[in-house]
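Geometric and topological summary
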Protein chains: 2
Amino acid sequence: MRIGETAAAVGMTAKTLRFYEDRGLLPAADRAPNGYRDYPHETVSRLEFIRRGRTAGLTLAQIGDILSVRDIGQAPCVHVRDLLAKQLRDLDAQIAELTALRATVAEFHDAAAAGDPAACDPERICSYL
Amino acid sequence: MRIGETAAAVGMTAKTLRFYEDRGLLPAADRAPNGYRDYPHETVSRLEFIRRGRTAGLTLAQIGDILSVRDIGQAPCVHVRDLLAKQLRDLDAQIAELTALRATVAEFHDAAAAGDPAACDPERICSYL
DNA sequence: CTTGACCTTCCACTATACTGGAAGGTCAAG
DNA sequence: CTTGACCTTCCAGTATAGTGGAAGGTCAAG
């Protein structure tokens, strides 16, 4: 399969596939006599795996690690489980941080909504922030 | 006040102040005969305002907009209120997105924690993702 | 006179996941 | 023979908020 065909099969662009190759997520493809990349069919599942990983919020580096484990013949399940656990922890931390920020902003906003513009102290630039 | 002194007064670095000047958040400072920047005292409140804005998750561009309004002599309160409202909406959207992602990841993770590594289908790379 | 702590400018780099574009090769169809 | 749709490589840029470092000027103290 040529690069554009492969990319289209998973809704990506040829550029993205070259980029993934550069980042080590795709092995260097065989080349046709004219120099064009020639992908085997399993590249499609590999790309779909990469997309599932992205959907789960994993970075390309993390997905690359999983693929490396798989590529040396080991089942990456344990690694995947650990990564997913870490991802859950990270997400919880991020959500907590954003929730705290939201509370801060809400306080500022409530004061601004209730307040009197004339109360602005020039030295403070804006009394609502 | 010299740049290092001013920066230290608010816990920032001289580099950061030059960067803020470059981004238009600080007006170009007067220069001493030797070329050193010479900041008036109100620069400290301006920097503290910038920091409060950052604490509220505003971007430097948004803070710069507020300061511009203030600098042409208008009270930026209405602008600030609108920005804070937008910030609340953005935060809610982000939190919702992360929460949905967390649910997806939790599903994958639960399957991985319960599952049998032998079930891995090589074609699918990892049955848990 | 030198040392050290300041200050100046300017350029590059960090991280992430691509995207855009230039310059050029390949190939089937009309 | 040309046109268009492919493909190749490589370089640069996107967004954010700075940080790091080079090369050099200034100034008070010892």
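Definitions and cut-offs
Residues numbered from 1 in each chain as written. Chains lettered and ligands numbered in written order. Predicted model: local features only at pLDDT ≥ 70, side-chain atom pairs only at ≥ 80, totals over all residues. Heavy atoms only, no water. Helix = DSSP H or I, 4+ residues; strand = E, 2+ residues; numbered from the N terminus. Buried < 20%, exposed > 50% of the residue type's maximum accessible area, 1.4 Å probe, protein only. Areas by Shrake-Rupley, 256 points an atom, 1.4 Å probe, with all protein chains shown as cover. Near = heavy atom within 4 Å. Nonpolar A, V, L, I, M, F, W, Y, C, P; charged D, E, K, R; others polar. pLDDT = per-residue confidence, 0-100. Phe/Tyr/Trp six-rings, centres within 6.5 Å; stacked < 30°, edge-to-face > 60°. Polar contact = N/O pair within 3.5 Å; in protein donor to acceptor, adjacent residues only side chain to side chain. Salt bridge = Lys/Arg side-chain N within 4 Å of Asp/Glu carboxyl O. Arc of directions from axis to C-beta. Contact = heavy atoms within 4.5 Å. Axes fitted to C-alpha atoms, helices over the stretch in contact; angles between N-to-C directions. Parallel < 35°, antiparallel > 145°, perpendicular 65-115°, else oblique. Left-handed = near helix turned anticlockwise from the far one by under 90°.

1. Notes on the overall build of chain A
Looking only at helices and strands, chain A features 5 helices and 2 strands. Sequence-ordered secondary structure for chain A, helices as α and strands as β, is α-α-β-β-α-α-α. Looking at chain A as a whole, 42% of its 129 residues are labelled buried. Total accessible area computed for chain A in this model is approximately 7000 Å², and 52% of it derives from carbon and sulfur atoms.

2. Observations regarding the protein's contact with DNA strand C
DNA strand C sits among 19 residues. The nearest are Lys15(A), Tyr36(A), Gly4(B), Arg18(B) and Arg37(B). Considering DNA strand C, the proportion of its atoms within 4 Å of the protein that are sugar or phosphate atoms stands at 66%. Sorting the residues of the surface near DNA strand C by element identifies α2 (14-22) of chain A together with α1 (3-9) and α2 (14-22) of chain B as the ones contributing at least two each. When residues in the surface near DNA strand C are grouped by element, the largest group, 4 residues, is from α2(A). In terms of residue class, the surface near DNA strand C is built from 6 nonpolar, 6 polar and 7 charged.

3. Remarks on the confidence of the model for chain A
Per-residue pLDDT for chain A averages 89, and the proportion of residues at 70 or more is 89%. Of all the helices and strands in chain A, helix α5 (residues 77-114) of chain A carries the lowest mean pLDDT, 90, while strand β2 (residues 37-38) of chain A carries the highest, 98.

4. Considering the packing of aromatic side chains
Residue and element names in this part refer to chain A. As enumerated under the stated definition, the model contains 2 aromatic pairs over all chains in all. An angle of 45 degrees between the planes, with centres 6.2 Å apart, marks the rings of phenylalanine 19 and tyrosine 20 as tilted. Tyrosine 20 gets classed as buried once you look at its relative accessible area, which sits at 8%.

5. Some words on the protein's contact with DNA strand D
The local shell around DNA strand D holds 19 residues, among which Gly4(A), Arg18(A), Arg37(A), Lys15(B) and Tyr36(B) are the closest. One nitrogen or oxygen atom from the side chain of Asn34(B) is found 3.5 Å from a phosphate oxygen belonging to DNA strand D. Between DNA strand D and Tyr36(B) there is a distance of 2.6 Å, counted from a base nitrogen to a side-chain nitrogen or oxygen. Of all elements in the fold, only α1 (3-9) and α2 of chain A together with α2 of chain B reach the threshold of two or more residues within the surface near DNA strand D. Ranked by residue count, the leading element in the surface near DNA strand D is α2(B), at 4 residues.

6. A few points about the pattern of salt bridges
Residues and elements named next belong to chain B. According to the stated counting rule, one finds 8 salt bridges over all chains in the structure shown. Across the pair aspartate 90 and lysine 86 runs a salt bridge whose closest N-O atoms are separated by 2.7 Å. With aspartate 90 and lysine 86 both in helix α5 (residues 77-114) and 4 residues apart, this pair spans about one turn of that helix. For aspartate 90, a relative accessible area of 30% puts it in the partly exposed group.

7. Side note on α2(B)
Residues and elements named next belong to chain B. For α2, every residue scored as buried is listed here: Leu17, Tyr20 and Glu21. Mapping the buried residues of α2 onto a view down its axis gives an arc of 100 degrees, with all of them on the same face. In α2, those exposed residues whose orientation departs by more than 90 degrees from the buried face are Lys15 and Asp22. On its buried face, α2 is in contact with α1, β1 (30-31), β2 (37-38), α3 (42-55) and α4 (60-71). Directly beyond the C-terminal end of α2, a positive phi value near 85 degrees is found at glycine 24.

8. Focus on the packing of α3(B) against α4(B)
Residue and element names in this part refer to chain B. Remark: α3 packs on α4, axes separated minimally by 9 Å, with the N-to-C direction vectors making an angle of 140 degrees. One way to sum up the angle between α3 and α4 is to call them oblique. Pair α3 / α4 crosses with right-handed handedness. In contact with Arg46, Phe49, Ile50, Gly53 and Arg54 of α3, α4 contributes Leu60, Ile63, Ile66, Leu67 and Asp71. Residues belonging to the contact of α3 with α4 are distributed by class as follows: 6 nonpolar, 1 polar and 3 charged.

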